[in-house]
Amino acid sequence: MTGMIEVVIDSLRVSLTNQQRIVVLREVGRERYLPIWIGPYEAEAITIALQEIEVARPQTHDLLKNFLTSLNARLVRVEVSSLRDDVFYGNLVIETNGQIINIDSRPSDALALAVRAHVSILVSREVMDKAGVIPEENLQEPAEEQPKLPESKAPKEPASGSSEDRLSVFEDFLSNLELDDSSESGEDDEPDDDQDKS
């Protein structure tokens, strides 16, 4: 566990640009976050466990947890162990018959198991230093709510930057606007509207 940082699941978010899901991990005792893109099914599986929603039959991650229990194995912790070529790699740490076994896993599946088994989530210091984010005040805007996902507090960082770029272009346009000529201002409005939609 040397070089590992404990985190908790802070939120599940939806990208405003492409509707993809992001799970945001928060470092314990510090305002540093690690966003990880995950699939919609894994996002739903994590949400169901976090909100303790009852389902009629075991889902895949419930099955895996029950399978471990039936074999007298115990999930000790899950890890986000590395980041290579923009892909996160996870690890399940399982104890069985007095031995520790490490099983390669996608972080999304590892997290879905962690919330069901109530075990620690650890991220390697190298991954957190490379991909961790410390948010600024201007990133605290609500993201779009999606069915079965908790509301989030902020869009990802690139979306905020593009909004600022659009705003500066609009401010430049307003500063050059001649208020005494209504026909020119009407012509200038149309290209700006098109640019804002792009």
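None of these values were measured; they are calculated from a predicted model.

J.: Where do I start with the overall build of the protein chain in this structure?
T.: From N to C terminus, the protein chain includes six helices and seven strands. Counted from the first residue to the last, the protein chain has its helices and strands arranged as β-β-β-α-α-β-β-β-α-β-α-α-α. Relative to its 198 residues, the protein chain shows a buried fraction of 38%. Within the protein chain, residue pairs in contact and separated by at least 24 positions form 51% of the contacts whose partners lie at least 6 positions apart. Carbon and sulfur atoms form 48% of the exposed surface of the protein chain, whose accessible area is close to 12,600 Å².

J.: I keep staring at the sheet that holds strand 1 (residues 4-14) and nothing clicks. Help me out?
T.: In a beta sheet, neighbouring strands pair by backbone hydrogen bonds and run either parallel or antiparallel. The strand order 3-2-1-7-4-5-6 describes an open sheet built from seven strands, whose pairing is mixed. Of all strands in the sheet, those bounded by a partner on one side alone are strand 3 (33-38) and strand 6 (99-105). Taken pair by pair, the neighbouring strands of this sheet meet at an average axis angle of 35°, ignoring direction. Pairing between strand 1 and strand 2 (residues 21-27): seven bridges, direction antiparallel. Paired with leucine 12 across the two strands is valine 23, which belongs to strand 2. With respect to the sheet, helix 3 (residues 107-117) is in contact with strand 1, strand 2, strand 3, strand 4 (73-84), strand 5 (87-96), strand 6 and strand 7 (120-124), its orientation differing from that of strand 4 by roughly 150°.

Thresholds, definitions, all that
- Residues numbered from 1 in each chain as written.
- Predicted model: local features only at pLDDT ≥ 70, side-chain atom pairs only at ≥ 80, totals over all residues.
- Heavy atoms only, no water.
- Helix = DSSP H or I, 4+ residues; strand = E, 2+ residues; numbered from the N terminus.
- Buried < 20%, exposed > 50% of the residue type's maximum accessible area, 1.4 Å probe, protein only.
- Contact = heavy atoms within 4.5 Å.
- Areas by Shrake-Rupley, 256 points an atom, 1.4 Å probe, with all protein chains shown as cover.
- Pairing = 2+ DSSP bridges.
- Axes fitted to C-alpha atoms, helices over the stretch in contact; angles between N-to-C directions.

Just geometry here; none of it tells us what the structure is for.
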